[in-house]
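For reference, the chains in residue letters:
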Amino acid sequence: MVDLRITAPSRAPRLLRRTLLGAGCAVAGGVALAVRPVVLLRFSHVVAPDTPKGQMALRFQALVHERAEGRIRVEVFPDSQLWGDDDEMEALRLGAVEMLAPSLSKFGNAGVPEFEVFDLPYLFADLAQVRRVTQGAVGRGLLQRLGRQQMLGLGFLDNGFKQMSATRPLRTPADFKGLRVRVQASRVLAAQMRALGARPVVLPFGETQRALASGVVDAAENPLSNYLTQGLAPWQPQVTLTQHGYLGYAVVSNPRFWASLAPADRTLLGAALAGALAHGNRLAAALDQQALATLRRTPGVMLHQLGAAERAVLRRAVQPAWDGLRRSLGPGLLNDVQNALITG
């Protein structure tokens, strides 16, 4: 079992880290050009290694190392060491990185608004329902739409369900009133917070801890594994188990890079990624339960479990987020998603 501990992420400036990484690669390249692999695949992500996404990326790296016999080298850069929320997609389009796993919320602002459906509050009851969508026809269609924005969609990865953290319990809409809540750059997430009377504040994930510590924001929504690995407990000791929204990722590559690969290498990478995604999805539920158990033992952290009536009140309060997405996208995709939830 992966050990989830409360740790503070490195605060070294990303530009400095990139400079050091580049210098190291230049030295290594000058010494050993003859043994460089044929293909270098840089996999950048913004979360800690001991999260579902971090573990998936490491499993992918290990599987490629095992199967490629030195022809392909995967380098994994976690914790926004290489690129962050604000620049990773542009880096992918420019060929400065070969693989990413952005959260689904990011694709709306990247020109694929259909992905905002995943941000709807209280859309999914559990991960089994999520997978009826992501692993079926709806999911395949969404991945294909990424081609419009020079991204090749390769698969989906779960993280889990988001819970609210703050300096007070957030059990009713009145509890949210006036709070500045960190959210990802998503119209649906912003509409959800405004419907609850809160003020949405869009910030990159890597800046969340600093924003909470400095008082820039008062509250945040995260799966419990992210809450732990980002070390949010000192500033956000009250965790309300709202389970109000799903957080997942889509693994994407640069289409030009993918097309440049030999067919056998594309097959190898595709199979390795499929194995890594299956591993990550198995971990997501397990890590969520482990994080919950860890929080129950963490001094100073208070967990608040909502009752069915409280959840129903919150669900009604965030209905404007549903109405807004239905107006912007039309009913077609929403109907397809809800049919997938019913029929599997």
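Residues numbered from 1 in each chain as written. Predicted model: local features only at pLDDT ≥ 70, side-chain atom pairs only at ≥ 80, totals over all residues. Heavy atoms only, no water.

Per an unreviewed UniProt entry, the protein chain is named TRAP dicarboxylate transporter subunit DctP, and its organism is Hydrogenophaga taeniospiralis CCUG 15921. The Sequence similarities (unreviewed entry) field of the UniProt record for the protein chain holds the comment "Belongs to the bacterial solute-binding protein 7 family." (UniProt positions renumbered as here; feature names shortened; annotations may be inferred.)

(A) Representation of the environment of G95 in the model. Assignment of secondary structure puts G95 in the loop between α3 (88-94) and β3 (99-100). Exposure remark for G95: the relative accessible area of 33% places this residue in the partly exposed category. Along the backbone, G95 and S253 are 158 residues apart, and their C-alpha atoms lie at a distance of 9.5 Å. Contacts of G95, omitting those with residues within four sequence positions, involve R42, N254 and R256. (Helix = DSSP H or I, 4+ residues; strand = E, 2+ residues; numbered from the N terminus. Buried < 20%, exposed > 50% of the residue type's maximum accessible area, 1.4 Å probe, protein only. Contact = heavy atoms within 4.5 Å.)

(B) Quick peek at unusual backbone geometry. Here the phi dihedral of S80 falls at roughly 60°; this positive angle occurs in a residue that is not glycine. With respect to the helices and strands, S80 occurs in the loop between β2 (72-77) and α3. The exposure class assigned to S80 is buried, which follows from its relative accessible area of 7%. Positive phi, close to 45°, is recorded for Q243, a residue that is not glycine. Among the secondary structure elements, Q243 is positioned in strand β8 (residues 238-253). For Q243, a relative accessible area of 28% corresponds to the partly exposed category.

(C) Geometry of empty space enclosed by the protein. Per the stated rule, a full pass over the model turns up 3 cavities of 30 Å³ or more. Looking at the largest cavity, its volume works out to about 150 Å³. Considering the residues around the largest cavity, the lining is formed by 18 residues, among which S103, R182, Q184, F205 and L247 are closest to the centre. Counting only elements with at least two residues in the lining of the largest cavity, the list comes to β7 (219-222) and β8. Class assignment of the residues belonging to the lining of the largest cavity gives a composition of 7 nonpolar, 4 polar and 7 charged. Estimated volume of the second largest cavity: approximately 80 Å³. Looking at the second largest cavity, the residues that line it are P121, Y122, M164, F176, Q192, M193, L196, T242, H244, L314 and V318. Those elements that provide at least two residues to the lining of the second largest cavity are α8 (187-195) and β8. Grouping the amino acids of the lining of the second largest cavity by side-chain chemistry returns 8 nonpolar, 3 polar and no charged. (1 Å grid on protein atoms, 1.4 Å probe; cavity = no way out; pocket = protein on both sides within 12 Å on 5 of 7 lines; lining within 4 Å. Points joined across faces, edges and corners; volume = space filled by probe spheres on them. Nonpolar A, V, L, I, M, F, W, Y, C, P; charged D, E, K, R; others polar.)

(D) Quick peek at the pairing of strand β4 (residues 152-166). Of all 15 residues in β4, 13 are buried; the element is thus mostly enclosed. The sheet contact formed by β4 and β8 spans 12 bridges and is antiparallel. Bridge pairing in β8 links L152 to S253. Across 3 bridges, β4 lies against β7 in antiparallel orientation. (Pairing = 2+ DSSP bridges.)

(E) The layout of surface pockets, seen in detail. One number sums up the size of the second largest pocket: a volume of about 250 Å³. Lining the second largest pocket are 17 residues, with D85, D86, K106, N109 and A185 sitting closest to its centre. Contributions of two or more residues to the lining of the second largest pocket are made by α3 and α4 (106-109). The element that contributes the greatest number of residues to the lining of the second largest pocket is α3, accounting for 4 residues.

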